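Spelled out, the chains give:
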Amino acid sequence: MASLTLPNHSLPSLLHTQSPRHPLSHNLPFLSKSSQSQFYGLKVSYSSSLSIPSSSSAKGSIFAKVNKGTVPPSFTLKDQDGRNVNLSKFKGKPVVVYFYPADETPGCTKQACAFRDSYEKFKKAGAEVVGISGDDPSSHKAFAKKYRLPFTLLSDEGNKVRKEWGVPSDLFGTLPGRQTYVLDKKGEVQLIYNNQFQPEKHVDETLKLLQSL
């Protein structure tokens, strides 16, 4: 599972909306006083040694490098069985590539299970489904086995592909983004859908697009 260490005081102050003298941590359910908490795709622990990225650096991360109508950069990543998988393997058929924060987190589990439950619809549309996160292959293998996921999970350790594709981050750059791409048979992007907090909607939007291709 992806993890991040945050300072005790910098996050509430960045999320302040009224007076800088009164941080709004009491209005943020995911900012508990306990040493660790889970927020959708991130395991958060608190310390006093690391500062949050500045608002200017977070703002700079929102510009996508992959746009609709373009062919995204190719990649070769290991799947949950440790085998190398190249994006070109899927050329000639539509492919859904969805980037998610981390295995075994609430939002990511909901999203993966939603893709699983609609997998026959994707097969009927002739499409492949590929999930990508920074978890290693062994984490993916356990995640796929636990939830009986019938599709490929790829390990983007170091988030190289995520950066090359320009997947935007959330929560001031501290939470890896949840973004889905639909590529057509020629490998061109026909849909980019981003929704961190409604993970199941990714399935509805991609199926809607696939049925129109």
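In what follows, the structure referred to is the one given above.
Residues numbered from 1 in each chain as written. Predicted model: local features only at pLDDT ≥ 70, side-chain atom pairs only at ≥ 80, totals over all residues. Heavy atoms only, no water.

A. Looking closely at the overall build of the protein. When helices and strands are counted, the protein shows 7 helices and 10 strands. With 213 residues in all, the protein has 49% of them scored as buried. Long-range pairs, those at least 24 residues apart, make up 66% of the contacts in the protein between residues at least 6 apart in sequence. Here the protein has roughly 11000 Å² of accessible surface; of this, 51% comes from carbon and sulfur atoms. (Helix = DSSP H or I, 4+ residues; strand = E, 2+ residues; numbered from the N terminus. Buried < 20%, exposed > 50% of the residue type's maximum accessible area, 1.4 Å probe, protein only. Contact = heavy atoms within 4.5 Å. Areas by Shrake-Rupley, 256 points an atom, 1.4 Å probe, with all protein chains shown as cover.)

B. Quick peek at unusual backbone geometry. Even without being a glycine, N159 presents a positive backbone phi close to 55°. Mapped onto the elements, N159 comes out in the loop between β8 (152-155) and α6 (160-165). Its relative accessible area of 27% is what places N159 among the partly exposed residues. For F172, which is not glycine, the phi torsion reads 60° and is therefore positive. Tracing the chain through its elements places F172 in the loop between α6 and β9 (179-183). For F172, a relative accessible area of 27% puts it in the partly exposed group.

C. Region of interest: the packing of aromatic side chains. Under the counting rule described, the total for this entry stands at 12 aromatic pairs. In this structure an aromatic cluster arises from ring pairing among Y98, Y100, F115, Y119, F122, F143, Y147 and F151. (Phe/Tyr/Trp six-rings, centres within 6.5 Å; stacked < 30°, edge-to-face > 60°.)

D. Structural context of the packing of helix α3 (residues 106-117) against helix α7 (residues 201-210). Viewed as axis vectors pointing N to C, α3 and α7 meet at an angle of 35°, and their least axial separation amounts to 8 Å. On the side of α3, the interface is formed by Q111, A114 and F115, while α7 contributes H202, V203 and T206. Across the contact of α3 with α7, the residue classes break down as 3 nonpolar, 3 polar and no charged. (Axes fitted to C-alpha atoms, helices over the stretch in contact; angles between N-to-C directions. Nonpolar A, V, L, I, M, F, W, Y, C, P; charged D, E, K, R; others polar.)

E. Quick look at the pairing of strand β7 (residues 128-133). Counting buried residues in β7 gives 5 out of 6 residues, a clear majority hidden from the surface. Sheet topology note: the strand β6 (residues 95-99)/β7 ladder contains 5 bridges and is parallel. Bridge pairing in β7 places V97 opposite V130. Pairing between β7 and β8: 4 bridges, direction parallel. Of the residues in β8, the one forming a bridge with G131 is L153. In this view, the connection linking β7 to its parallel neighbour β8 by way of helix α5 (residues 137-146) has right-handed handedness. (Pairing = 2+ DSSP bridges. Right-handed = clockwise from strand over helix to strand, strands pointing away.)

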